[in-house]
Amino acid sequence: MTTTTPGPSALRGAVGTARTRIEGREKVTGAARYAGEIPFADLAHGWLVLSTVTRGRILDVETAPVLAMPGVLTVLHHGNAPRLHTDYVGMLGTPPDPTCAVFQNDRVPFAGWPVALVVAETPEEAREAAEALVVTYDSEPHDTALHAEHPGAYAAAGHMPAETEKGDLEAQLAASAFVVDAEYTTPEEQHSMMEPHAATARWEGGRLEVVDSNQGAGWVQGELATMFSLDASSVRVRSEHIGGGFGSKGLRAHQVSAVMAATALNRPVRVVLTRRQTFSLGGYRSPTTQRVRLGAAPDGRLLALEHRSLNQTSTVYEFVEPSAGVARVLYDADAHRTANHVVRLDVPSPTWMRAPGEAPGSFAIEAALDELAERGGIDPIELRLRNEPDVGPVSGLPFAGNNLAACFREGARRFGWADRDPRPGVRREGRWLLGTGTAAASFGAGAAPSTALVTAEADGSFTVRITAADIGTGARTALTLIAADALETAPEQVRVRIGDSDFGPAMIAGGSMGTRSWAWAVTAAAAELRERLAMATSIPPEGITVRSDTTEALGALARKERHSFGAQFAEVAVDTATGEIRVRRMLGVFAAGRIVNPLTARNQLVGGMTWGISMALHEEAVRDRNTGGHYAPDLAGYHVATHADTPAIEVDWVVDHDPDDPVGIKGVGEIGIVGAAAAVANAVWHATGVRHRDLPIRPDRVLSATVPEPAGGAADA
């Protein structure tokens, strides 16, 4: 049934008020059960065995000794696993990563490739047997090193054009009054969500059921159905509570192997990845090497902009980290060139990670803008405002609102930017050099077709069913507030059920598109339900249910550049004797559309900015070039920002309205990290006078840099 979308007047009351999470009490008391905790009768446990060579071929899997061990039920590998259908394009417009299609051949394309699954009665028995399994390999030479001049690099599109170009770049650079030409690098980064990947598969009444931790139950359902050649209606995926995802929790090896084992044994099988296994199988953000060339007229107007990015991908699957994409939105120039390139290496496949492309890309372009401001003697904020585009620099489409200038002006006022001495290395407080920095942020505001079911119950309450996912963002609470306003009732009268593929197709929790897409479907269903109720004389015991589908409405939306924007500010203190950097305060001001729940929205933005601190100063997954494996692939060796690293972070937003969009939501899950690392890096330059173009800015990098003496013993400002 096709429905219309209500106008803004129908959306009022609960939306915009701060509400604690509906499921908050369950989570803090332990009543909320995650995928690895839900009990099943006769449950068996699988443990993945990962390759110990970086590249080669499996010669033998010695299963007999392991099958004789206590509790072991089976060992699945390439010699006995069922064949899977992998020649298809999935929900995200790409074929499945072969890492998910486990045990299909004897090839090993990277260290940590799944080579077998040992299934036993208990997790302990499964792990012991998995560690005892002997696998013999024929090892081959490998290449795991990403560098800017790698001969295997090529242009790759991903989810946006690989390259864009207009104007004569070299001519405009030659005509520029001041120029920046610099290379910036970011390291491999891991999602490191609190809850590891876990899935339980079982057959019940001829139907496959998977209880999982994922970012889209419908997404995983569709992939599993296609891969195992099943009718979609015979597969059900449930994912009630998720302890973080950040792009990692789609289809992975553990779900597929659990289905294989449950099918072979005809009993429920659970597979949970260890923290170390997630470093190989959970995806990651690829390291990047980025070159930025900027040229400006004497007044700071950009004449030339080039942003080129290179990331690594696996030899079996192409994934693009589109870091040059952010320059296609934020700034225009007479000559404008951007390019995303990849190189295939013997490494695991990268994947989506919070603000894919925008997070590392904003570090490079925003650090380069700061360098350009320094060389031109222009205030960094003023330089950005002078180069704010009127239309999309590449697309030529009008903006459906671009409030970046409002973010900078409000942020500058609150941060005290006007009192900043622009000279680097002049503020000192004891052994600490102090500095402040800023950066712009942008992230796309998209929506995808979704369906929703809204039921008016006989008791006067309402039930909303939608295949949404709450990965910690507070989606349940946001949808409750949205539904309450759309139904013109109190939030207490609304029950929202999510995380079940049986509720119909809907957008995943990703790309900051979830809440916007789901809200559109819920409000559309609610509008028609109100019309039905106005004509009904009574509500039957089973209630009155309306189903919406937003495909047509989204197709009719005017083509425009739709984005969230933000301005990031940071103050740091640098101890040049130890190399320690402390972020003292941060402020982010955002234009992110209609804010549904200020409490959880602020949490998301603060979380993103905290991750930006972590990106700037701590996070770095390092591979051993000899083995292709990680050094210390765990949370002891992979450093993330903790409470001691995180200062008081302020967040606010400005009014940001799109008159063409009846929902008005843009999403806040990813914009918070964009630009945050650049703001910290720019503040480190302002404190020390030294540019750091490689993340993270570790103490050894600070110590190896030349720090100028304080100018005339200047006191702290």
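What you see is a predicted model, and the numbers here were worked out from it, not measured in a lab. (Residues numbered from 1 in each chain as written. Predicted model: local features only at pLDDT ≥ 70, side-chain atom pairs only at ≥ 80, totals over all residues. Heavy atoms only, no water.)

**Comments concerning the environment of S323**
The cut-off we apply is this: Secondary structure elements are taken from DSSP: a helix is a run of H or I of four residues or more, a strand is a run of E of two residues or more, and numbering for both begins at the N terminus. What makes two residues a contact is simply this: any of their non-hydrogen atoms within 4.5 Å.
Counting through the fold element by element, S323 comes out in the loop between β15 (302-314) and α8 (327-330). Between the C-alpha atoms of S323 and L310, which are 13 residues apart in sequence, the distance is 8.3 Å. Setting aside its immediate chain neighbours within four residues, S323 contacts T288, Q290, H307, S309, N340, G357, P360 and G361.

**Comments concerning the nonpolar core**
Stated precisely, the cut-off is as follows: Among buried residues, the Ala, Val, Leu, Ile, Met, Phe, Trp, Tyr and Cys ones that are joined through side-chain atoms within 4.5 Å form a nonpolar core. Burial classes: relative accessible area under 20% of the type maximum marks a residue as buried, over 50% as exposed, and values in between as partly exposed (1.4 Å probe, protein chains only).
Among the nonpolar cores identified, the biggest contains 85 residues, and Y184, L294, I365, F569, V572 and M586 are the most heavily contacted of them. Other than its neighbours up to four places away in sequence, V572 contacts L433, L434, G435, I581, R582, V583, R584, V680, A683, V684 and A687. Core analysis: the next-biggest nonpolar cluster, separate from the first, contains 46 residues, W219, A448, A475 and A519 among them.

**A few points about the pairing of strand β24 (residues 581-591)**
Worth spelling out the cut-off: By the convention used here, strands pair only if DSSP detects at least 2 bridges between them. Think of it like this: strands point away, you trace from the first strand over the helix to the second, and a clockwise trace means the crossover is right-handed.
Extensive coverage of β24 is indicated by the burial of eight of its eleven residues. Inspection of the sheet shows strand β23 (residues 563-575) paired to β24 by ten bridges, in the antiparallel sense. Pairing of A573 across the sheet is with R582, part of β24. Direction of pairing for β24 relative to strand β25 (residues 648-653): parallel, over a ladder of six bridges. Within β25, the position partnered with V589 by the bridge is D652. Of the crossover connections in this fold, the one passing from β24 over helix α15 (residues 598-617) to the parallel β25 is right-handed.

**Considerations on the packing of aromatic side chains**
Going by this rule: Classification of ring pairs rests on two measures: the distance between centres of Phe, Tyr or Trp rings, Trp counted by its six-membered ring, which must be within 6.5 Å, and the angle between planes, read as stacked under 30 degrees, edge-to-face over 60 and tilted in between.
For the coordinates displayed, the defined rule picks out nine aromatic pairs. For the pair F279 and Y638, a centre-to-centre distance of 5.8 Å together with 85° between the ring planes defines the contact as edge-to-face. Taken together, the residues F279 in helix α7 (residues 275-281) and Y638 in the loop between α15 and β25 connect sequence positions 359 residues apart. One exposure class covers both F279 and Y638, and it is buried. Aromatic side chains F399 and F565 sit 6.2 Å apart centroid to centroid with 65° between the ring planes, which places their arrangement in the edge-to-face category. One end of the pair, F399, is in the loop between α10 (380-386) and α11 (404-415); the other, F565, is in strand β23, and 166 residues separate them in sequence. The two residues F399 and F565 agree in class, both being buried. Counting every residue linked through ring pairs, the aromatic cluster contains F408, F415, W417 and F569.

**Some remarks on the side chain of T288**
Quick reminder of the rule: N or O atoms within 3.5 Å of each other form a polar contact, as long as, within protein, one can give a hydrogen and the other can take it, and as long as residues adjacent in sequence are counted only when both atoms are side-chain atoms.
With respect to the helices and strands, T288 occurs in strand β14 (residues 288-296). Given the relative accessible area of 1%, T288 is considered buried. For T288, the side chain forms a polar contact with the side chain of T186, separated by 2.6 Å. Side chain to side chain, T288 and Q290 meet in a polar contact 3.0 Å long. Ignoring anything within four residues of it in the chain, the contact list for T288 reads L146, Y184, T185, T186, S309, L310, N311, E321, S323 and P360.

**Focus: the confidence of the model for the chain**
The condition that has to hold: What pLDDT conveys is the predictor's confidence in a given residue, as a value from 0 to 100.
Scored by pLDDT, the chain comes out at a mean of 95, with 97% of its residues at no less than 70. Predicted confidence is poor over residues 1-11, with pLDDT under 50, and the contacts of this stretch with residues over four places away or in other chains come to 33 contacts. Confidence drops under pLDDT 50 across residues 710-717; counting only partners more than four residues distant or on other chains, this segment forms 14 contacts.

**Topic: the pairing of β23**
Most of β23 sits inside the fold, with 13 of its 13 residues counted as buried. In terms of strand pairing, strand β18 (residues 432-444) meets β23 through 13 bridges, oriented antiparallel. Residue pairing for β23: G435 is matched across the bridge by V572.

**Some thoughts on the pattern of salt bridges**
Put simply, the rule is: Between Lys or Arg on one side and Asp or Glu on the other, a salt bridge is scored when a side-chain nitrogen of the former is within 4 Å of a carboxyl oxygen of the latter.
Following the criterion strictly, the structure yields 53 salt bridges and no others. In this structure, R414 engages D652 in a salt bridge whose closest nitrogen and oxygen atoms are separated by 2.4 Å. Here the residue R414 occupies a position in helix α11, and D652 occupies one in strand β25, the gap between them amounting to 238 residues. Classification of D652 by relative accessible area gives partly exposed; the value is 23%. One salt-bridge network, in which partners are shared between bridges, spans R202, E204, R207, E209, R236, R238, D500 and D502.

**So, helix α16 (residues 676-688)**
To keep things clear, this is the line we draw: Here the expected length of a helix is defined as 1.5 Å per residue gap, with one fewer gap than residues.
Spanning 13 residues, α16 covers 19 Å between terminal C-alpha atoms, matching the ideal 18 Å at 1.5 Å per step. α16 sits mainly inside the fold: 13 of its 13 residues count as buried. A positive phi of about 80° marks G689, the residue just after α16.

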